[in-house]
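# Chains, contacts and geometry: an overview
In case you want the letters, here they are:
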Number of protein chains: 2
Amino acid sequence: MTEAPTGAAASRASIVDVAQRAGVSVATVSRALRDMPNVSKATRDRVLRAAQELQYAASPLASGLVTGRVRSVGVVLPYAGRWFFAEVIRGIEEALRDHGYDLVLHVVSDAQRRADFFESLPVRRRVDAILVVALPLEDHERDILRGLGLPLAAVAEPIKGLHGEFVDNDATARLAVQHLVNLGHTRIASIGGDLHGPERFSVPGLRTGGFRAAMAEAGLTVRPEWEVDGRFTAAGGELAMTALLSQKGGRPTGVFCQSDEMAFGALKALRRSGLRVPEDVSLVGVDDHELSDVFDVTTIAQPVVAQGAAAARWVVSRLERTADPDAPDDEVCLHPVRLVLRGSTGPAPTEH
Amino acid sequence: MTEAPTGAAASRASIVDVAQRAGVSVATVSRALRDMPNVSKATRDRVLRAAQELQYAASPLASGLVTGRVRSVGVVLPYAGRWFFAEVIRGIEEALRDHGYDLVLHVVSDAQRRADFFESLPVRRRVDAILVVALPLEDHERDILRGLGLPLAAVAEPIKGLHGEFVDNDATARLAVQHLVNLGHTRIASIGGDLHGPERFSVPGLRTGGFRAAMAEAGLTVRPEWEVDGRFTAAGGELAMTALLSQKGGRPTGVFCQSDEMAFGALKALRRSGLRVPEDVSLVGVDDHELSDVFDVTTIAQPVVAQGAAAARWVVSRLERTADPDAPDDEVCLHPVRLVLRGSTGPAPTEH
DNA sequence: CTGTTAGCGCCTTCAC
DNA sequence: GTGAAGGCGCTAACAG
């Protein structure tokens, strides 16, 4: 029964206790523990030992109160359960932890929570910086965040005026289309996201733009009815593919799915229709989802964990002033994408 | 250009400013804002309006320093990218947010990080409670956490002496096996996790135990070589299924996959071998993963989000003293599982 | 190199 | 019903 008391006492030992035990003043303890200059080696050792024995750790509350820093970073995102977000969070957490920062999660999964977040600003005074993941902010929302006076960075969705870490969505789409074109496909469709809805994600627009540009460059025409909304979910992809197959005027032989999860759904719709992949229809996804390998889906891989980690490192460098304080804070960093060849794409079927 | 200054000023208004503006003392402001008794209606309204006008919000640091509460809960887990964990986190975050608590994430993805976590205890004084998700703690690790004197709860993996939220893993396995038995299967294999490794997860052991018990009850024999390790990943499931198929002595007609992700892998292995599901081999998974519907995998569904949310609510009720303070803190709460019938299971093939 | 002292912003007795 | 004052635990001048 000594564990609990010891531990409990430990978390309650204050800087005064350490000072007494080491026979120095609290100021010296504070300096010694933070590796500041002007502390003799002997004193420092004594303090360190005392702190060790008392299991002392400075209260972040107290030090935060005076320094204004709390060593934690807020992460705001619209969903938490989806693969993409989980991976981004993983990258952010690891990078922050490496620098001794905590990650505080804020999921604004619907309009209500989103409004609450920007009105009550639960991050106020609780974080040193904010990362906005895949959430296209309204101008006024961005301004509210800016009013906090903290380093801000965007991941996956660009936010005007903020530092950002993304992939080149235009190039991503082009890579996918060019791959299909190279295989001889000419009848190519795109399964993307909502282009006009209230959420205003820019990713579907950018990828669809790249799709159109690449088609034009290849001298191919885009059928408007072959640009369908798959809502970036597997279920949505299945519906979208089903819709494509039910259209008159023949079906596409190649489909650019703007996310792997939509490709999974499309795969199911094709199988159910008795069509073979890739003999009848080829599918390219985007992401390199962990299950894409299992389901043999050709994809444009993007470094998801790395984007999160890079954003985390950027705000940390701002906070630690290791970065030039006068450096622009609205530069974006583009991460590379690459084609991962798997079994869902093949030569276009010969026409009859 | 009034936005930013306003915002910046807003986050800096202190209780003194509110007191001045309302023409009362800080003590009254404090009382009024926290709905305490002994404040006249008129005064309270005046204070509320002043606070509103100044966009005042109490600094959690300062109030935490005096009350000892920081309104945040730490979540410790071994992986962050996997579906299961992402869902649990989602449930926890939502429940915590409903009560005004922040979620601070701690991923201990390897032995090093795990050791660091328990040695430096970065949660010390930074959270009011800790949730341990799917992480079987060593006794001494549990004792270290207990030493913090905070409410503790376990999710998905039982931890001796702690409150927990789980499913009945034994019943889960039985349900799966009974379903196969009901379909006439007698040659049943299990793809699970590591039973003897250093990680000591109890879930694979419990599910394998349930598998064996259900087999025995059905009068069926378990072939030792038909209990294989799929590492709880899709890739592992694929390897495991491949191994099952390459064994001499015939193949199983029914396979209990202890997670849906392993079932996905198994599905791929079967397809590649030219076997049909469910005509040749039936597959049951566990989880009801979001993609199980797309890939038509019969599964034993467990409420993942609900387990996380329940754990979060439990620690909050402890913190808010809405729960009996003398109530035992090591009771476990079992969540229901249910069979979700899909296309990966069917009648056992007739023997030749 | 080290100690003293004044807050950081808030809550909480204790008087009134 | 309200105000004054003393910390909570720590850091940051300022002295020495």
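Residues numbered from 1 in each chain as written. Chains lettered and ligands numbered in written order. Predicted model: local features only at pLDDT ≥ 70, side-chain atom pairs only at ≥ 80, totals over all residues. Heavy atoms only, no water.

### Considerations on the nonpolar core
The test is simple: In this description, a nonpolar core means a group of buried Ala, Val, Leu, Ile, Met, Phe, Trp, Tyr and Cys residues linked to one another through side-chain atoms lying within 4.5 Å. The cut-offs for exposure are 20% and 50% of the maximum accessible area for each residue type, with area from a 1.4 Å probe on protein chains only; residues under the lower value are buried, those over the upper are exposed, and the others partly exposed. Contacts were defined at the residue level, with two residues in contact if any of their heavy atoms lie within 4.5 Å.
Residues Ile 92, Leu 131 and Val 133 of chain A together with Ile 92, Leu 131 and Val 133 of chain B are the most contacted members of the largest nonpolar core, which totals 62 residues. If near-sequence neighbours (up to four positions away) are discounted, Ile 92 of chain A is found in contact with Val 75, Leu 103, Leu 131, Val 133, Gly 308, Ala 309 and Ala 312 of chain A. With 50 residues, the next largest nonpolar core counts Ala 240 and Met 241 of chain A together with Trp 226 and Leu 291 of chain B among its residues.

### Description of the sheet that holds strand β8 (residues 254-257) of chain B
All names here are of chain B. Keep this limit in mind: At least two DSSP bridges between two strands are required for those strands to pair. Helical segments are the DSSP runs of H or I of at least four residues, strand segments are the runs of E of at least two, and each set is numbered from the N terminus. As a rule, the C-alpha atoms of each element are fitted with a line to give its axis, helices using only the stretch in contact, and angles between N-to-C directions run from 0 to 180 degrees.
Taken in spatial order, the six strands make up an open sheet running β7-β6-β8-β9-β10-β12, and their pairing is mixed. The open sheet is flanked by β7 (227-229) and β12 (338-340), the only strands paired with a single partner. In this sheet, neighbouring strand axes are inclined to one another by 20° on average, regardless of whether the strands run parallel or antiparallel. By the bridge criterion, three bridges tie β8 to strand β9 (residues 282-287) in an arrangement that is parallel. Paired with Val 255 across the bridge in β9 is Leu 283. Taken strand by strand, helix α11 (residues 234-246) contacts β6 (188-192), β7 and β8, and its axis lies near 150° from that of β6.

### Digging into the pattern of salt bridges
Residues and elements named next belong to chain B. Where we set the bar: A pair is scored as a salt bridge if a Lys or Arg side-chain nitrogen falls within 4 Å of a carboxyl oxygen belonging to Asp or Glu.
Under the defined criterion, the tally for this structure stands at 43 salt bridges over all chains. Among the ionic pairs, Glu 217 bridges to Arg 174, the shortest N-O distance being 2.7 Å. Here Arg 174 lies in helix α9 (residues 169-182) and Glu 217 lies in helix α10 (residues 203-217), a separation of 43 residues in the sequence. Look at Arg 174 and you get partly exposed, because its relative accessible area is 21%.

### As for the protein's contact with DNA strand C
The following threshold applies: Only heavy atoms are used to decide nearness, and a residue is near a molecule or strand if one of them lies within 4 Å of it. Under the rule applied, a polar contact is a pair of N or O atoms within 3.5 Å (in protein, one hydrogen donor and one hydrogen acceptor; residues adjacent in sequence only if both atoms are side-chain atoms). Note on residue classes: Ala, Val, Leu, Ile, Met, Phe, Trp, Tyr, Cys and Pro are nonpolar, Asp, Glu, Lys and Arg are charged, and everything else, Gly too, is polar.
In the vicinity of DNA strand C lie 25 residues, with Thr 28, Ser 40 and Thr 43 of chain A together with Ile 15 and Tyr 56 of chain B positioned nearest. Among the atoms of DNA strand C close to the protein, meaning within 4 Å, 68% are from sugar or phosphate groups. Contacts to DNA strand C include Arg 34 of chain B, whose side-chain N or O atom sits 3.3 Å from a phosphate oxygen. At a separation of 2.5 Å, a phosphate oxygen of DNA strand C approaches a polar side-chain atom of Tyr 56 of chain B. The class makeup of the residues in the surface near DNA strand C is 13 nonpolar, ten polar and two charged.

### Considering the confidence of the model for chain A
Detailed reading of the predicted coordinates is not advisable wherever pLDDT falls low. The condition is simple: A score from 0 to 100, pLDDT tells how confident the predictor is in each residue.
On average, residues of chain A score 92 in pLDDT, and 95% of them are at 70 or above. The model gives residues 1-10 of chain A a pLDDT under 50, and that stretch makes six contacts with residues more than four places away or in other chains.

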